[in-house]
Amino acid sequence: MNARCPFCGATVMPRSRFCPACGRALLSPPSSQRSTSPPAGANDPPIEGALANGKRLQISGDTLDLRELINVVESSVRWWQRGLSSSDAVTREQAARAIDDLSQIMRSLSQQLAQGRTTIRMTRRLPALRAFDVACPSCGNGNRAGARFCQRCGALLHTAPRYGVESVQSRALTFHIATRTDTGRVRQQNQDAVYAGDIDLPGQQKAYLCLVADGMGGAAAGEYASHLAADVSRAYLERESADHPPPTDEAWQALLRDAVRAANRQIYDAARTDTTRRGMGTTLTIALLVGNRLHIASVGDSRAYLLNLNGVTDDGAPSAQLTSDHSLVARLVDIGQLTPEQARTHPQRNILYRSIGTDPSVDVDTRSEALEPGDIVLLCSDGLVNHVSDEEIAQIALGEPDLDRATARLISLANERGGRDNISVVMVRVEGEIR
Ligand code: CA
């Protein structure tokens, strides 16, 4: 529900600071009134799938079956049970603690199921980015089509849309990229893989590919999985887009899904044929920047963020997560069993219900967004977000002019706070003229 301007009575968007009709500053921003529109895809019909045990489960883009989560917990318990017969006392102790944690999670999920809940709706932090496409000539803030005054500074707006075909073609964006990965303070090995590079497209155009993969599995298996995911998806994208780049957002997303599935198949096959690599897997989050479009694909809990001092969401927030975490604790937050703060330090936060290489097929999340000058696209592994909050990431990424130093500062901060896991960051800064 929208609020009204106290001066002229016009409808005011939630959190507007100036009236779109009369341009006067609003006395108190109606910040408590958040948009109540359903998230994108909320009305998609669910897809029925069959489980191996004959039960049916429902999966759609926005929901996850509770039984599927319980299956993940059960298989994790089975995995830790092997540790109970280890010759090493520390491993046995660790396994017993993990099984205890998982039993508590199982209890909470079972209670939800007993109360009649069968699916969990995933939290979508970003129903839509930048629905506001009219740039303010004074401060650069985005405003909705049809707005007469800037909702941030009150200046009179020109009405030309920001993302018209003409402006897209005449505005050349350039990309500056920095990557950094670090073992952290606790682990012996770095099982993360990062990559950034360009792909030649026809007509002297280029696409820029960035990715983060966070491997898991014993000994060298996790490292092998993350690097294989990076290599296979990169080679696939280079090969398939070089001669015939996809013409639409949907086609780029389909290509990204195919690339991620090619990686999934190779890792899954390698894990089955090589007993030392059994059970290995990896996350994979890819950002592909083409012209003024950003295409994202992700599986697991490595994240992509879009950042801009001028705001990236409808309510002007400077930072937004573009990916869902496919982790057990993220869904426990969705059903109110954990707070986001508890999830960051939860002992079972590594348990993913979707990853590359652990099943013969995989669902891949994809999305496309418009890029603007001043944007920063940031990819990272969970080793960063376990120690550094979204607000701190935004502050450092947007406040440090030297991109390479920004990645170093983010990693240092995670290490100062314990560096429990491998830490990887890829940053792309988008530069160009604001028209
Ligand atoms: Ca990790």
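A look at the overall build of the protein chain
Then step 1. Broken down by element type, the protein chain carries ten helices and 19 strands.
Then step 2. Looking at the protein chain as a whole, 49% of its 435 residues are labelled buried.
Then step 3. Counting contacts in the protein chain only where the partners sit at least 6 residues apart, residues at least 24 apart contribute 66% of the total.

Some words on the pairing of strand S19 (residues 423–431)
Then step 1. Of all nine residues in S19, seven are buried; the element is thus mostly enclosed.
Then step 2. Note: strand S9 (residues 174–182) against S19, nine bridges, orientation antiparallel. When the sheet's bridge partners are listed, Arg180 is paired in S19 with Val425.
Then step 3. Two strands pair when backbone bridges link them, and strand S18 (residues 376–380) and S19 are joined in this way by five bridges, in the antiparallel orientation. Looking across to S19, one finds that Ile376 is bridged to Arg429.

Structural notes on helix H2 (residues 89–114)
Then step 1. The end-to-end C-alpha distance of H2, which contains 26 residues, comes to 37 Å, matching closely the 38 Å that a straight helix rising 1.5 Å per residue would cover.
Then step 2. For H2, every residue scored as buried is listed here: Ala95, Ala98, Ile99, Leu102, Ile105, Met106, Ser108, Leu109 and Gln112.

Looking at the packing of helix H1 (residues 66–81) against H2
Then step 1. Closest axis-to-axis distance for the H1/H2 pair is 9 Å, and the angle between their directions is 165 degrees. Classed by the angle they form, the pair H1 and H2 counts as roughly antiparallel. Crossing handedness for the pair H1 and H2: left-handed. Contacts from Leu66, Arg67, Leu69, Ile70, Val73, Glu74, Ser76, Val77, Trp80 and Gln81 of H1 reach H2 at Gln94, Ala95, Ala98, Ile99, Leu102, Ile105, Met106, Leu109, Ser110, Gln112 and Leu113.
Then step 2. Taken together, the residues of the contact of H1 with H2 break down into 14 nonpolar, five polar and two charged.

Quick look at the sheet that holds S9
Then step 1. Overall, antiparallel pairing links the five strands, which are arranged S9-S19-S18-S15-S16 in an open sheet. Each edge of the open sheet carries a strand with a single partner, namely S9 and strand S16 (319–321). Strand-to-strand twist across the sheet, computed as the mean angle between neighbouring axes with direction ignored, equals 15 degrees.
Then step 2. Bridging between strand S15 (residues 303–307) and S18 involves five bridges; their strand directions are antiparallel. Looking across to S18, one finds that Leu306 is bridged to Val377.
Then step 3. Its contacts with the sheet put helix H9 (residues 390–399) on S15, S16, S18 and S19, and the angle it makes with S15 is roughly 55 degrees.
Then step 4. With respect to the sheet, helix H10 (residues 403–416) is in contact with S9, S18 and S19, its orientation differing from that of S9 by roughly 30 degrees.

Examining the confidence of the model for the protein chain
Then step 1. Across the protein chain, the average pLDDT comes to 82, with 80% of residues at 70 or higher.
Then step 2. In the model, residues 28–59 has pLDDT below 50 throughout and makes 48 contacts with residues more than four positions away in sequence or in other chains.
Then step 3. Overall, residues 161–170 carries pLDDT values under 50, and its contacts beyond four positions in sequence, including any with other chains, amount to 19 contacts.

Some words on the nonpolar core
Then step 1. With 35 residues, the main nonpolar core has Leu237, Val260, Leu284, Ile286 and Leu288 as its most contacted residues.
Then step 2. Looking at this core, the elements that each hand over two or more residues are strand S10 (192–200), strand S11 (206–216), helix H4 (221–242), helix H5 (249–273), strand S13 (284–290) and strand S14 (293–299).
Then step 3. If you tally residues by element for this core, the top one is H5, at ten residues.
Then step 4. Not counting residues up to four positions away in its chain, the partners in contact with Leu288 are Ile199, Ala207, Tyr208, Leu209, Trp252, Leu256, Arg293, Leu294 and His295.

Observations regarding the packing of H4 against H5
Then step 1. One way to put it is that H4 packs onto H5 with a least axis distance of 8 Å and a crossing angle of 140 degrees. The pairing of H4 with H5 is recorded here as oblique in orientation. Relative to H5, the crossing made by H4 is right-handed. Counting all contacts with H4, which are made through Tyr224, Ala225, Leu228, Ala229, Val232, Ser233, Tyr236, Leu237, Glu240 and Ser241, the residues of H5 involved are Trp252, Leu255, Leu256, Asp258, Ala259, Ala262, Ala263, Gln266, Ile267 and Ala270.
Then step 2. The residue inventory of the contact of H4 with H5, partitioned by class, reads 15 nonpolar, three polar and two charged.

Looking at the pairing of S11
Then step 1. Taken across its eleven residues, S11 has eight buried, putting it largely inside the fold.
Then step 2. The turn joining S10 and S11, which pair antiparallel and follow one another in sequence, is formed by five residues; a positive phi near 70 degrees is taken by Gly203.
Then step 3. Two elements, S11 and S13, share six bridges in a ladder whose sense is antiparallel. Looking across to S13, one finds that Cys210 is bridged to Ala287.

Observations regarding H4
Then step 1. In this model H4 runs 31 Å from its N-terminal to its C-terminal C-alpha over 22 residues, within 8% of the 32 Å that 1.5 Å per residue would give.
Then step 2. Taken together, the buried positions of H4 are Ala221, Gly222, Ala225, Ser226, Leu228, Ala229, Ala230, Val232, Ser233, Tyr236, Leu237 and Ser241.
Then step 3. Buried-residue contacts for H4 involve S10, S11, H5, strand S12 (281–282) and S13.

Observations concerning the environment of Ile267
Then step 1. Within the fold, Ile267 resides in helix H5.
Then step 2. With 38 residues separating them along the chain, Ile267 and Ala229 place their C-alpha atoms 7.3 Å apart.

Cut-offs and rules
- Residues numbered from 1 in each chain as written.
- Predicted model: local features only at pLDDT ≥ 70, side-chain atom pairs only at ≥ 80, totals over all residues.
- Heavy atoms only, no water.
- Helix = DSSP H or I, 4+ residues; strand = E, 2+ residues; numbered from the N terminus.
- Buried < 20%, exposed > 50% of the residue type's maximum accessible area, 1.4 Å probe, protein only.
- Contact = heavy atoms within 4.5 Å.
- Pairing = 2+ DSSP bridges.
- Expected span 1.5 Å × (residues − 1).
- Axes fitted to C-alpha atoms, helices over the stretch in contact; angles between N-to-C directions.
- Parallel < 35°, antiparallel > 145°, perpendicular 65-115°, else oblique.
- Left-handed = near helix turned anticlockwise from the far one by under 90°.
- Nonpolar A, V, L, I, M, F, W, Y, C, P; charged D, E, K, R; others polar.
- pLDDT = per-residue confidence, 0-100.
- Core = buried A, V, L, I, M, F, W, Y, C linked by side-chain atoms within 4.5 Å.

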